[in-house]
Amino acid sequence: MWMRKPTETPDDGNPPKASGQSIDHRDIEMKSRYRWRRIRFISLALVAVALASERSAHAYIDPGTGSYLFQIAVASLAAAAFTIKVYWRRIRSIFRSSKEKRKEREESKQ
Amino acid sequence: MSVPEGRDYGSFRDPAGHVFKRDGTLFRQVNSVYKAHYERLMSSGLYDRLASDGLLIPHAETDDVEADSDKSFKVLRPKQVPFISYPYEWSFSQLHDAALLTLRVQETALRFDMSLKDATAFNVQFLGGKPVLIDTLSFEIVRPGEPWPAYRQFCRHFLAPLALTSMVNAGLGRLARLHLDGIPLDLTARLLPLRARLRPSLLSHIFLHARFETWAEKRSSRIPREKGGSVSERARLGILDSLRSSVRGMQSTPIRTVWSEYYRNSRYSAEAFHEKQRIVREFLDQCPADKPVWDLGANIGLFSRMASQGNRLTLSLDSDPEAVDQNYRITKAEGAGNVLPLLVDLLNPSPSIGWNGRERKSIFDRIRPDATVLALALIHHLAIGQNLDFQKLAKFFRRLGGHLIVEFVPKEDSQVRRMLRFRDDIFKDYHEDHFRREFEREFTILKKRSVGDTGRLLYLMQAGIP
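Residues numbered from 1 in each chain as written. Chains lettered and ligands numbered in written order. Predicted model: local features only at pLDDT ≥ 70, side-chain atom pairs only at ≥ 80, totals over all residues. Heavy atoms only, no water.

Scanning chain B for helices and strands turns up 15 helices and 15 strands. Computed over C-alpha atoms, the radius of gyration of chain B comes to 24 Å, within 12% of the 23 Å expected from 2.2 N^0.38 for 466 residues, which places it in the range of a compact globule. When its C-alpha atoms are laid out on the principal axes, chain B stretches across 75 × 60 × 40 Å. For chain B, with 466 residues in total, the buried portion stands at 56%. Within chain B, contacts between residues at least 6 apart in sequence are counted, and of these 72% link residues at least 24 apart. Surface summary for chain B: the accessible area is close to 20,600 Å², and the carbon and sulfur share equals 49%. Positive and negative side-chain charges of chain B, numbering 68 and 57 respectively, have mean locations separated by a distance of 4 Å. (Helix = DSSP H or I, 4+ residues; strand = E, 2+ residues; numbered from the N terminus. Rg over C-alpha atoms; globule rule 2.2 N^0.38 Å. Buried < 20%, exposed > 50% of the residue type's maximum accessible area, 1.4 Å probe, protein only. Contact = heavy atoms within 4.5 Å. Areas by Shrake-Rupley, 256 points an atom, 1.4 Å probe, with all protein chains shown as cover. Lys, Arg positive; Asp, Glu negative; His and termini not counted. Charge placed at Lys NZ, Arg CZ, Asp CG, Glu CD.)

Here it is in structure tokens:
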């Protein structure tokens, strides 16, 4: 998916030149491969830097590497969603009767 | 055996402490390594809040009991739970309530800068009809920025079985018996229907989470051992809130199973049914009030609730998930706290399993064998439905109880006729005389009553022969 094979016609849309055609192809292919590798290396390095902070896991149960990474990955999204929800509730509560508010409080206690 | 006498076989994972029994009382030892966390739990006000809200089991510190090992810092005497049940014996609504309890405890703990370090469903028990966290040592001082270490456990122990029972089949909760540390998420993702992916909370906590697990497992050697990353306080609350929405969004299956419709389709006339209730009540009054009751094949627990009156712990067993769920919901609504509905198949009861085959006890080893056994409209299902002869049944009931209230359903009964409609009648010995003869080898018959004009008979028996 990432490494799209170079098409028969070069990017400029001109017909392939008789001479040096294979060199151009290889060149494009190599460039694209290196670019992809670089992106992958940088992103892996970023993840590694993010993970290799000063702390280590102290849990007596195995929290699961995947579960740990997943929480880190969704952290910002979860925080944003939660913030929106809290503010939305506040806005909504302005327009709500005290009876409804009481009901909601009771529900959240369950 | 390296496990000291009296120490609970299931209590070995957490270095913070363990539970042990002495003279029939359960104690919890707190080890020195957990001192700082325990002191924070007690001094921060978290314990008081959780105990007063009925979320955590209350305890008293005791100096009267010698510690179970030299690692001890303190010994606690928690409020005693009369019967320990396991998550694979709960219906959907029971697990649902246990999940909400766990999330509420975690939410409360975070407000006191503490966090649950584990979230196994085995840490929840039903006391007085309500779920309560029993592991006092489950809390730790929160480490800022660190992801919730119990997140995976919560998803496997609660979210996975809840999603499977509500969206696939009510009986799938039994998978938890196979997977004692929770149902694996990749398995759950494979079993869930396509529409489960449409729910954002399930999509993330089950499907994407499972993908991450698989991804990380394949690359485990390349991921640095030192883990940390950063999960802000708000993100932690966000994940918790999302988990709660996910749990709340799940409903028990609306499909009516055979047994939950049983009373509605019962062939009992109203008068005969009232007569049966009257006789059972009379018999129950003659059974010891301080002994628990096993209601076997309890259906939606009508007779269990009757038996539980007068503060009698009643274990209300049935093999039908929907019936058990209804039983729990009715019991909860009526506040019949002494009834504990349990999903147990008598033909395949919860065995002794886990580490060394002893971590989780067999259901029959969790209670003293002197209970009162209620076996109403059950005999014919076991004798004719499962080819179990009266001798085996009498011995089985004798193993459980000191008193037995049993209903004999004759062959002429419409239910029995229905069971035999497509089978050869190989049950020549299925008649009252033989029933009496075999049961009198184990029990003394105290009383016998016939239930109206149904032809059914109710017996009150006591263990032992004169």
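From this point on, the discussion continues.
What follows is about helix α8 (residues 233–248) of chain B. In this model, α8(B) (16 residues) spans 22 Å end to end at C-alpha, consistent with the 22 Å of a helix rising 1.5 Å per residue. Listing the buried residues of α8(B) in full gives A235(B), R236(B), G238(B), I239(B), L240(B), D241(B), L243(B), R244(B), S246(B) and V247(B). Of the surrounding elements, those touching the buried residues of α8(B) are α2 (65–94) of chain A together with α3 (92–111), α4 (151–167) and α7 (200–218) of chain B. (Expected span 1.5 Å × (residues − 1).)

This part is about the packing of aromatic side chains. For the coordinates displayed, the defined rule picks out 26 aromatic pairs over all chains. Summarising the aromatic geometry, the rings of F408(B) and Y430(B) are spaced 5.4 Å apart at their centres and angled 25 degrees between planes, so their arrangement reads as stacked. Of this pair, F408(B) sits in strand β13 (residues 401–408) while Y430(B) sits in the loop between α14 (414–420) and α15 (432–439), and the two are 22 residues apart along the sequence. Taking 4.9 Å as the distance between ring centres and 35 degrees as the angle between the ring planes, the aromatic pair formed by F408(B) and F435(B) counts as tilted. Here the residue F408(B) occupies a position in strand β13, and F435(B) occupies one in helix α15, the gap between them amounting to 27 residues. Comparing F408(B) with F435(B), the two get one shared label, buried. The structure contains a cluster of three or more aromatic residues connected by ring pairs, namely F83(B), W294(B), F364(B), F390(B), F396(B), F397(B), F408(B), Y430(B), F435(B), F439(B), F443(B) and Y459(B). R90(A) extends its terminal NZ or CZ atom over the ring of Y87(A), reaching a point 5.1 Å from the ring centre. It is R360(B) that lies over the ring of F122(B); its NZ or CZ is 3.8 Å from the centre. (Phe/Tyr/Trp six-rings, centres within 6.5 Å; stacked < 30°, edge-to-face > 60°. Lys NZ or Arg CZ within 6 Å of the ring centre and 35° of its normal.)

Attention shifts here to the environment of N311(B). Counting through the fold element by element, N311(B) comes out in the loop between α10 (302–308) and β10 (314–318). C-alpha of N311(B) to C-alpha of F273(B): the two residues are 38 residues apart in sequence and 24 Å apart in space.

What follows deals with the sheet that holds strand β4 (residues 72–78) of chain B. Residue and element names in this part refer to chain B. Overall, antiparallel pairing links the four strands, which are arranged β1-β2-β4-β3 in an open sheet. Strands with a single pairing partner mark the edges of an open sheet, and in this sheet they are β1 (17–22) and β3 (59–62). The average undirected angle you get between the axes of adjacent strands in this sheet is 35 degrees. Inspection of the sheet shows β1 paired to strand β2 (residues 25–31) by six bridges, in the antiparallel sense. (Pairing = 2+ DSSP bridges. Axes fitted to C-alpha atoms, helices over the stretch in contact; angles between N-to-C directions.)

Turning to the nonpolar core, a few remarks are in order. All names here are of chain B. Counting residues in hydrophobic clusters, the biggest one holds 105 residues, and the most contacted among them are F139, F154, W294, L296, F397 and F439. Residues in contact with L296, not counting those within four places in the same chain, are L317, L346, V373, L374, A375, L376, L378, F396, F397 and L400. Core analysis: the second largest hydrophobic core is formed by 18 residues, I279, C287, L376 and L460 among them. (Core = buried A, V, L, I, M, F, W, Y, C linked by side-chain atoms within 4.5 Å.)

It is worth spelling out the pattern of salt bridges at this point. Under the counting rule described, the total for this entry stands at 37 salt bridges over all chains. The residue D370(B) makes a salt bridge to R368(B) at a minimum N-O spacing of 3.5 Å. Taking relative accessible area as the criterion, R368(B) reaches 54% and is therefore assigned exposed. Residues joined by salt bridges that share partners form a network here, namely K85(A), R89(A), E107(B), R111(B), D241(B) and R244(B). (Salt bridge = Lys/Arg side-chain N within 4 Å of Asp/Glu carboxyl O.)

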